[in-house]
Amino acid sequence: MAAAPAPKTLAAFEAATGFMPLNEGLALYAAAAEAAALGLPLLEVGTYCGRSTILLADVAREAGTTAVTVDHHRGSEEQQPGWEYHDPELVDPEVGRMDTLPAFRRTLFRAGLEDYVVALVGRSPQAARIWNTPLGLVFIDGGHTDEHAGGDYEGWAPHVADGGLLVIHDVFPDPADGGQAPYRVYLRALASGAFTEVSVTDSLRVLRRTGPGS
C-alpha cells in the first residue's frame, strides 16, 4: 500500500498556495516515501510557495533525511504580470517584481516543517553546477520552457542515485492540455536508457534510475 501523508500534513498542503492537485500530490508523497528508503536527500526544482515542499519535508522528517528545494523565487514565465498564473499579492512592492520567498517561508512555518528543508535561493543551473551529493529523488517542477525544463533535467538528473526516482510534473502529451517542454524532458529521460517509468498520475510521471547516464 502506498504511503500517504498524515491529516495534518494533508491539510497544510491543501491550504498552501500552489497549483498541484491533490491526486498528484499524493503520488508525489508516495514516490518520495519510497525514495527516502535510500537514505539520501530529496530535491525539488521549483519551490513557488512551498505547496509540494510540504510533502517532501514531511517524508524527510519521517525518514530522517532532508528535503532540498531550489528556486530563484522571482516566478516562472507564466507567473509574470499579464500572464495566466500571475498573483499580484506575491509582488514585492518595493522592487516591483515577484517574490515568493516570504510566502514559502510562511508555508513551512505553519506546517511545522522548517527544520527539515534546505532552501537554495538561486537559478537552478547554477545550483546544480556546485551540487555533488547523490539524491534519492529529483522532482522537476520549475520553468516550462525548453531552456528551463531541459536545463533542470541536465543539471539534476545525473545526481539521481541508482534506484532513485526522477519525478516530472506537468507532462502533457497533448499540446491542447499544456506546454510541451516537460513532456519532451520526460521523453528524453526514457530515451536515455537511464530511467524506466514507474507510474503515471495525470500529469505526474515517476521514473526510476535503472541504468547509467541521463
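Everything discussed here concerns the structure shown above.
Residues numbered from 1 in each chain as written. Predicted model: local features only at pLDDT ≥ 70, side-chain atom pairs only at ≥ 80, totals over all residues. Heavy atoms only, no water.

Caption draft 1: A look at the overall build of the chain. Helix and strand counts for the chain stand at 7 helices and 9 strands. Radius of gyration (C-alpha) of the chain: 16 Å, near the 17 Å computed for a compact globule of 214 residues. Taking the principal axes of the C-alpha coordinates as reference, the chain spans close to 50 × 35 × 35 Å. Taken across its 214 residues, the chain has 50% of its residues classed as buried. In the chain, of all internal contacts separated by at least 6 residues, the share reaching a separation of at least 24 is 69%. Summed over all atoms, the accessible surface of the chain reaches about 10000 Å², with 53% contributed by carbon and sulfur. If the 15 positive side-chain charges of the chain are averaged to one point and the 28 negative ones to another, these points end up 5 Å apart. (Helix = DSSP H or I, 4+ residues; strand = E, 2+ residues; numbered from the N terminus. Rg over C-alpha atoms; globule rule 2.2 N^0.38 Å. Buried < 20%, exposed > 50% of the residue type's maximum accessible area, 1.4 Å probe, protein only. Contact = heavy atoms within 4.5 Å. Areas by Shrake-Rupley, 256 points an atom, 1.4 Å probe, with all protein chains shown as cover. Lys, Arg positive; Asp, Glu negative; His and termini not counted. Charge placed at Lys NZ, Arg CZ, Asp CG, Glu CD.)

Caption draft 2: Structural view of the sheet that holds strand 2 (residues 67-71). If you trace the 7 strands from one edge of the open sheet to the other, you get 5-2-1-6-7-9-8, paired in mixed fashion. In this open sheet, the two strands that pair with only one neighbour each are strand 5 (117-121) and strand 8 (195-201). In this sheet, neighbouring strand axes are inclined to one another by 20° on average, regardless of whether the strands run parallel or antiparallel. Looking at chain direction, strand 1 (residues 42-45) and strand 6 (residues 135-140) are connected through 4 bridges and run parallel. Bridging across to strand 6, V45 finds its partner in I140. (Pairing = 2+ DSSP bridges. Axes fitted to C-alpha atoms, helices over the stretch in contact; angles between N-to-C directions.)

Caption draft 3: The pairing of strand 6, seen in detail. Burial runs high along strand 6: 6 of the 6 residues are buried. Taken together, the 5 bridges between strand 6 and strand 7 (residues 160-168) define a ladder with parallel strand orientation. Paired with V138 across the two strands is L166, which belongs to strand 7. Between the parallel pair strand 6 and strand 7, the chain is carried across by helix 6 (residues 146-156), and the sense of this crossover is right-handed. (Right-handed = clockwise from strand over helix to strand, strands pointing away.)

Caption draft 4: Region of interest: the nonpolar core. The biggest cluster of nonpolar side chains holds 30 residues, and the ones touching the most others in it are L28, L137, F139, V167 and L204. Residue assignment for this core shows that the elements contributing at least two residues are helix 1 (7-15), helix 2 (22-35), helix 3 (51-63), helix 4 (101-111), strand 6, strand 7 and strand 9 (204-209). Look past the residues within four positions of L204 in its chain and what remains in contact with it is M20, E24, A27, L28, F139, V167, I168, H169 and S199. Counting residues in hydrophobic clusters, the runner-up holds 26 residues, among them W131, I140, I168 and L207. (Core = buried A, V, L, I, M, F, W, Y, C linked by side-chain atoms within 4.5 Å.)

Caption draft 5: Region of the structure containing the environment of E24. Counting through the fold element by element, E24 comes out in helix 2. Sequence-distant contacts of E24, that is, excluding residues within four places in its chain, are made with H169, T201, D202, S203 and L204.

Caption draft 6: Structural detail: empty space enclosed by the protein. Enumeration according to the criterion identifies 1 cavity of 30 Å³ or more in this entry. Lining the largest cavity are I140, D141, G142, G143, H144, A149, I168, H169, P182 and V185. When its residues are assigned to classes, the lining of the largest cavity shows 5 nonpolar, 4 polar and 1 charged. (1 Å grid on protein atoms, 1.4 Å probe; cavity = no way out; pocket = protein on both sides within 12 Å on 5 of 7 lines; lining within 4 Å. Points joined across faces, edges and corners; volume = space filled by probe spheres on them. Nonpolar A, V, L, I, M, F, W, Y, C, P; charged D, E, K, R; others polar.)

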